[in-house]
Amino acid sequence: MKRYIFLLSSFFVWIISYAQPIMGYEFESKNGVYEEITGGTVVNSSIHGIDLNGKAYTSIDKASDITITDDGFPIGFNFLFNNQEMNRFAIGTNGYIILGQDKVTVESPADGFSSVGQSPNTNVISTAINGKIIGLNDTELSYKVSGVTPSRILIVQYKNLGFTDIWESDIIATVQFQIRLYENSNNIEIIYKDWKMTTSFPSSAKVGIKGEINDRLLIESTGSSWTEKASTTTNASATLSYTQENYPPDGLTYRFTPPGNCESPVEQPQDLILNS
């Protein structure tokens, strides 16, 4: 009986630790500095305008708007996410990346806004707006691995990405942002710049991380800004308001920190008694 209870309790610890790992991440919002990268690998040199909307890049100048499995781009190191050692990624043009192990699968490239929500995409890191994007003449989607082992950083950069209204009639903002993956710590950061709208058009954004279909962590705010009372939720419908008055300030950094590894107890339980 004692052995049965110990095995059962160990099983429940395993379930809690591994069944839904994304929900266990810690979230931090802080003021930082946006540092633009140069010399990165640009992936979108041949596609601009509204044609850039709703696509996913799995190799240089290879963008798809339908389900695709491909080699993707190299992370540059093993990155632990969703209980897997990820080493490849795809870049969604609407503001998200998808991770993979040896290969990467994008189930719904066109579903950028809901990629971290109710879409069939998995292993997602996203800060997508509810609207369309447009590639300007100087728009660049690029990536670069910075630093040395064991503290390298994958930086995926969206430079001068145009946000449009739903009618594609006006560019409401030309934004910069980065998604950063950290070797060893497995931390994730999203950093913002130039998100103030140039014209009034109420919108929203879905920001967060997602493992399997129902294992996600989204950011919401009960305050009046992206920095005031920002917290996490597992609600797939959660959004952040995005308007001329409510937007991420330059340098705003959202950080997701994975839970620590479970450690086996030094001493095993003894003399357990099961009471009826």
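Residues numbered from 1 in each chain as written. Predicted model: local features only at pLDDT ≥ 70, side-chain atom pairs only at ≥ 80, totals over all residues. Heavy atoms only, no water.

Undergrad: Describe the overall build of the protein chain, naming the residues involved and giving the relevant values.
TA: Each helix and strand counted, the protein chain has 1 helix and 19 strands in total. Counting all 276 residues of the protein chain, 47% fall into the buried class. In the protein chain, 64% of the contacts between residues at least 6 apart in sequence involve partners at least 24 apart. Approximately 13200 Å² of the protein chain is accessible, and the part contributed by carbon and sulfur atoms is 48%. (Helix = DSSP H or I, 4+ residues; strand = E, 2+ residues; numbered from the N terminus. Buried < 20%, exposed > 50% of the residue type's maximum accessible area, 1.4 Å probe, protein only. Contact = heavy atoms within 4.5 Å. Areas by Shrake-Rupley, 256 points an atom, 1.4 Å probe, with all protein chains shown as cover.)

Undergrad: Give me the lowdown on the environment of Ile 209, citing residues and values where you can.
TA: Looking at where Ile 209 falls in the secondary structure, it is placed in strand β15 (residues 203-210). Residue Ile 209 is classed as buried on the basis of its relative accessible area, which comes to 0%. When the C-alpha positions of Ile 209 and Asn 123 are compared, they lie 7.5 Å apart, and in sequence the two are 86 residues distant. Sequence-distant contacts of Ile 209, that is, excluding residues within four places in its chain, are made with Ile 22, Tyr 25, Phe 81, Val 116, Val 124, Ile 125, Ile 188, Arg 216, Leu 217 and Phe 256.

Undergrad: Break down the pattern of salt bridges for me, citing the residues and quoting the values.
TA: Evaluated as defined, the whole model comprises 6 salt bridges. Salt-bridge contacts for Arg 255 lead to Glu 189; the nearest nitrogen and oxygen are separated by 2.5 Å. Of this pair, Arg 255 sits in strand β19 (residues 252-257) while Glu 189 sits in strand β14 (residues 188-193), and the two are 66 residues apart along the sequence. Looking at Arg 255, the relative accessible area reads 22%, which means it is partly exposed. (Salt bridge = Lys/Arg side-chain N within 4 Å of Asp/Glu carboxyl O.)

Undergrad: Got a sec to walk through the environment of Leu 252? Specific residues and values, please.
TA: Within the secondary structure layout, Leu 252 lies in strand β19. Not counting residues up to four positions away in its chain, the partners in contact with Leu 252 are Ser 29, Lys 30, Ile 190, Ile 191, Tyr 192, Trp 226 and Thr 227.

Undergrad: Any chance you could break down the packing of aromatic side chains for me, citing the residues and the numbers?
TA: Within this structure, the stated rule accounts for 16 aromatic pairs. Here Phe 27 and Tyr 254 contribute two aromatic rings whose centre-to-centre distance is 5.2 Å and whose plane-to-plane angle is 65°, an arrangement assigned as edge-to-face. Of this pair, Phe 27 sits in strand β1 (residues 26-31) while Tyr 254 sits in strand β19; the two residues are 227 residues apart in sequence, bridging distant segments of the chain. On the numbers, 6.2 Å between centres and 85° between planes, the contact of Phe 163 with Tyr 242 is edge-to-face. (Phe/Tyr/Trp six-rings, centres within 6.5 Å; stacked < 30°, edge-to-face > 60°.)

Undergrad: Lay out the side chain of Asn 187 in plain terms, naming residues and giving numbers.
TA: Within the secondary structure layout, Asn 187 lies in the loop between β13 (171-182) and β14. Since its relative accessible area comes to 13%, Asn 187 is described here as buried. Dropping the residues within four chain positions of it, Asn 187 is found in contact with Phe 79, Arg 180, Leu 181, Tyr 182, Arg 255, Phe 256, Thr 257 and Pro 258.

Undergrad: Please set out the pairing of strand β6 (residues 73-81) residue by residue, giving values where relevant.
TA: As defined by bridge partners, β6 adjoins strand β7 (residues 84-92) across 5 bridges and the pair is classed as antiparallel. Looking across to β7, one finds that Phe 79 is bridged to Met 86. Hairpin connection between β6 and β7: a loop of 2 residues separates the two successive antiparallel strands, and Asn 82 in this loop has a positive phi of roughly 55°. (Pairing = 2+ DSSP bridges.)

Undergrad: Please give an account of the pairing of strand β16 (residues 216-221) that cites residues and values.
TA: Across 3 bridges, the pairing between β15 and β16 is antiparallel. Of the residues in β16, the one forming a bridge with Ile 209 is Leu 217. In this structure, the hairpin formed by β15 and β16 is closed by a connection of 5 residues. Summarising the sheet, β16 and strand β17 (residues 230-233) pair through 4 bridges and their orientation is antiparallel. Looking at β17, one finds that Glu 220 is bridged to Ser 231.

Undergrad: Got a sec to walk through the nonpolar core? Specific residues and values, please.
TA: Counting residues in hydrophobic clusters, the biggest one holds 50 residues, and the most contacted among them are Leu 99, Phe 163, Trp 226 and Tyr 254. Broken down by element, this core gets its largest block of residues, 6 residues, from β13. (Core = buried A, V, L, I, M, F, W, Y, C linked by side-chain atoms within 4.5 Å.)

Undergrad: I'd like to hear about the confidence of the model for the protein chain, residue by residue, with values.
TA: In low-pLDDT segments, the atomic positions of the prediction should not be examined closely. Summary statistics for the protein chain give a mean pLDDT of 88 and a share of 86% for residues scoring 70 or more. Long-range and interchain partners of residues 2-17, a stretch whose pLDDT sits below 50, account for 9 contacts in this model, where long-range means more than four residues apart. (pLDDT = per-residue confidence, 0-100.)

Undergrad: Any chance you could break down the environment of Gly 131 for me, citing the residues and the numbers?
TA: Among the secondary structure elements, Gly 131 is positioned in the loop between β10 (124-129) and β11 (132-146). A residue is classified by how much of its surface remains accessible, and Gly 131, at 18% relative accessible area, is buried. In the structure, Gly 131 is positioned 18 residues away from Phe 113 in sequence and 7.7 Å away in space, judged by C-alpha atoms.

Undergrad: Summarise the sheet that holds β1; cite the residues concerned and give the values.
TA: Sheet architecture is open: 7 strands sit in the order β1-β19-β14-β13-β12-β11-β2, paired in antiparallel fashion. The open sheet has two free edges, formed respectively by β1 and β2 (41-42), since each of these has just one partner strand. As defined by bridge partners, β14 adjoins β19 across 4 bridges and the pair is classed as antiparallel. The residue of β19 that forms the bridge with Ile 188 is Phe 256.

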